[in-house]
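What follows is each chain in one-letter form.
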2 protein chains.
Amino acid sequence: MVMNMRLSDLITERILELLDESEESTAEIQRNEFANGIGCAPSQINYVLSSRFTPEHGFIIESRRGGGGYIKIKRVVLDGSSAIMHIINSIGEEIDAMSARILIENCYQSGLIDKTSARLMDSAISKNVMHSLPPQIRNSVRATILKEMLLIQL
Amino acid sequence: MVMNMRLSDLITERILELLDESEESTAEIQRNEFANGIGCAPSQINYVLSSRFTPEHGFIIESRRGGGGYIKIKRVVLDGSSAIMHIINSIGEEIDAMSARILIENCYQSGLIDKTSARLMDSAISKNVMHSLPPQIRNSVRATILKEMLLIQL
DNA sequence: ACCATTTTGACCTTTCCTGACCTTTATTAT
DNA sequence: ATAATAAAGGTCAGGAAAGGTCAAAATGGT
């Protein structure tokens, strides 16, 4: 238990503690100081954040460089059974143009997203945009864009 | 309250206060006096102005040297379609990540787009998406996506 | 032994802040 | 009027203080 506690686990634990203590479910840290308190390389913090505090895991990261910089970790309440989450999961690694259009339309019709959002999604994956990409990666880029855009609707 | 308040933040705050107090959305300061009141080097004021009160951020600066000199900061309120058209034109064929972020933020701050739209735009050109593209075409794809998304807000 | 995860370190980019020096404008002395 | 001086604001280079990235080495599980 304590024996195979990796650094990553410790870091994760500390961050979760901070989040639990916080009224607003927000932890703000200074990377170097935090890493120092734990005794690890600063970049290790980035590793943990990018592997365990992703939007898919229900967190939003915001940071700033330079003097007085910081890293903010926000926990967003996400309902694992929410419709949007299901849809995101159903997209997978690739999606073709037609399926995407239908998916967006369905989201709109079922009231999951409003009209403006639907139109924005359409334009983000419009022909104009896709045309500027190598054909081989279109389906995967479309999937990535769509998933990113759906994520914030949670 | 706020733990690590940078000088830049303090200066920004003071200027915004002045702008809010003003009927004309115009703040007029004297650089040395203002810097003195805050306790920083006078040139720090220029730094803040040129990094946070640019036209891209929605402000216009006007100043005069010599005896009785001053610096005037005006907040410009963009209006409607023509503003968006202007912004679209200003994007051109390519745009880097930071300029894009600032542009979106400015559109939101000036009321041209709502918060959800701003967040959707951010996610459509997020790191996750850009990372799935060949580096050489990122700036142009970002420009295309952004312009497409802005177009529908007309 | 192999594969995925973890961990580190070297190097990069962004942001902040100051101080020395420069330019412009107004005022004052001759 | 003109020249000198004072009173602003402007610029720029440099250093310091953050956080970001990436690839290679270490580790751990099966």
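Along each chain, residue indices are assigned from 1 in the same order as the chain's sequence is written. Written order decides the labels, with chains lettered from A and ligands numbered from 1. Only residues with pLDDT of at least 70 get local features here, since the model is predicted, and only at 80 or more are side-chain atom pairs given and counted; chain-wide, interface and lining totals rely on the full set of residues. Heavy atoms from the whole structure form the basis of all side-chain values; hydrogens and water molecules are not counted.

Some details on the protein's contact with DNA strand C
Near DNA strand C, the surroundings consist of 27 residues, among which A:Ser43, A:Tyr47, A:Arg52, B:Arg52 and B:Arg65 are the closest. Backbone atoms, meaning sugar and phosphate, make up 67% of the atoms of DNA strand C lying within 4 Å of the protein. Counting of polar contacts relies on pairs of N or O atoms within 3.5 Å, with two restrictions inside protein: one atom must be capable of donating a hydrogen and the other of accepting it, and residues adjacent in sequence are counted only when both atoms are side-chain atoms. At 3.4 Å from a base oxygen of DNA strand C is found a main-chain nitrogen or oxygen belonging to B:Gly66. Basically, the charged four are Asp, Glu, Lys and Arg, the nonpolar ten are Ala, Val, Leu, Ile, Met, Phe, Trp, Tyr, Cys and Pro, and anything else, Gly included, counts as polar. For the surface near DNA strand C, the per-class residue count stands at nine nonpolar, ten polar and eight charged. Whether a residue is near a molecule or strand depends on its heavy atoms: it is near if one of them lies within 4 Å of it.

Things to note about the sheet that holds strand S1 (residues 26–29) of chain B
All names here are of chain B. For two strands to be treated as a pair, DSSP must find no fewer than two bridges joining them. A helix here means a DSSP run of H or I that spans at least four residues, while a strand means a run of E at least two residues long, and both kinds are numbered starting from the N terminus. Overall, antiparallel pairing links the three strands, which are arranged S1-S3-S2 in an open sheet. The two strands at the open ends of the sheet, each matched to only one other strand, are S1 and strand S2 (59–64). With direction set aside, neighbouring strand axes in the sheet form an average angle of 15°. Both S2 and strand S3 (residues 70–75) contribute to a ladder of six bridges, which runs antiparallel. Bridge pairing in S3 places Arg-64 opposite Tyr-70. Here an axis means a line fitted to C-alpha atoms, over the contact stretch when the element is a helix, while the angle between two N-to-C directions is reported on a 0 to 180 degree scale.

Regarding helix H8 (residues 138–151) of chain B
Between the first and last C-alpha of H8(B) there are 20 Å, a value that for 14 residues agrees with the 20 Å anticipated at 1.5 Å per step. What H8(B) keeps buried is the set B:Val141, B:Arg142, B:Ala143, B:Thr144, B:Ile145, B:Leu146, B:Lys147, B:Glu148, B:Met149 and B:Leu150. By this rule the span expected of a helix is its residue count minus one, scaled by 1.5 Å. Relative accessible area decides the class of each residue, using a 1.4 Å probe on protein chains only: under 20% of the type maximum gives buried, over 50% gives exposed, and in between gives partly exposed.

Here we look at the pairing of strand S1 (residues 26–29) of chain A
All names here are of chain A. Where burial is concerned, the two faces of S1 differ: the one with Ala-27 and Ile-29 is buried and the one with Thr-26 and Glu-28 is not. Direction of pairing for S1 relative to strand S3 (residues 70–75): antiparallel, over a ladder of four bridges. Note that in S3 the partner of Ile-29 across the bridge is Ile-71.

Focus on the domain arrangement of chain A
Here the limits of each domain have been adopted from an automatic or database domain assignment. Its domain assignment divides chain A into domain 1 (2–75) and domain 2 (80–151). Taken over C-alpha atoms, the centre of domain 1 of chain A sits 30 Å from the centre of domain 2 of chain A.

Some details on the protein's contact with DNA strand D
In the vicinity of DNA strand D there are 30 residues, among which A:Arg31, A:Asn46, B:Arg31, B:Ser63 and B:Arg65 approach most closely. For DNA strand D, the backbone portion of the atoms within 4 Å of the protein, that is sugar and phosphate, comes to 70%. At 2.8 Å from a phosphate oxygen of DNA strand D is found a side-chain nitrogen or oxygen belonging to A:Ser63. A distance of 3.2 Å is found between a base nitrogen of DNA strand D and a backbone nitrogen or oxygen belonging to B:Gly66. If you list the elements that add at least two residues to the surface near DNA strand D, you get helix H2 (31–38), helix H3 (42–52), strand S2 (59–64) and S3 of chain A together with helix H2 (31–38), helix H3 (42–52), S2 and S3 of chain B.

Here's the deal with the interface of chain B and chain A
Bring the parts together and some accessible area is lost; that lost area is often taken as the interface size. Contact residues are listed per partner, giving 25 residues for chain B and 28 residues for chain A. Two parts placed together each lose some accessible area under a 1.4 Å probe, and the buried area is that loss summed for both. Summed over both sides, the interface between chain B and chain A buries roughly 2,200 Å², with carbon and sulfur atoms accounting for 63% of that surface. Counting the contacts that link chain B with chain A gives six residue pairs in polar contact (both at pLDDT 80 or more). When residues of the side of chain B that touches chain A are traced back to their parent elements, those giving at least two are helix H6 (115–124), helix H7 (127–130) and H8 of chain B. Broken down by element, the side of chain B that touches chain A gets its largest block of residues, seven residues, from H6(B). The contact definition used throughout considers only heavy atoms, calling two residues in contact when any of these lie within 4.5 Å.

What to know about the pattern of salt bridges
By definition, a salt bridge exists where a carboxyl oxygen of Asp or Glu is found within 4 Å of a side-chain nitrogen of Lys or Arg. Taken as a whole and assessed by the stated rule, the structure comprises nine salt bridges over all chains. The partner of A:Arg52 in a salt bridge is A:Asp9, with the nearest N and O atoms 2.9 Å apart. With A:Arg52 in helix H3 and A:Asp9 in helix H1 (residues 7–21), this pair connects stretches of sequence that are 43 residues apart. Residue classification places A:Arg52 among the partly exposed positions, given a relative accessible area of 28%. Accessibility expressed as a relative area gives 23% for A:Asp9, which makes it partly exposed. Here B:Lys72 and B:Glu62 are joined by a salt bridge, their closest N and O atoms 4.0 Å apart.

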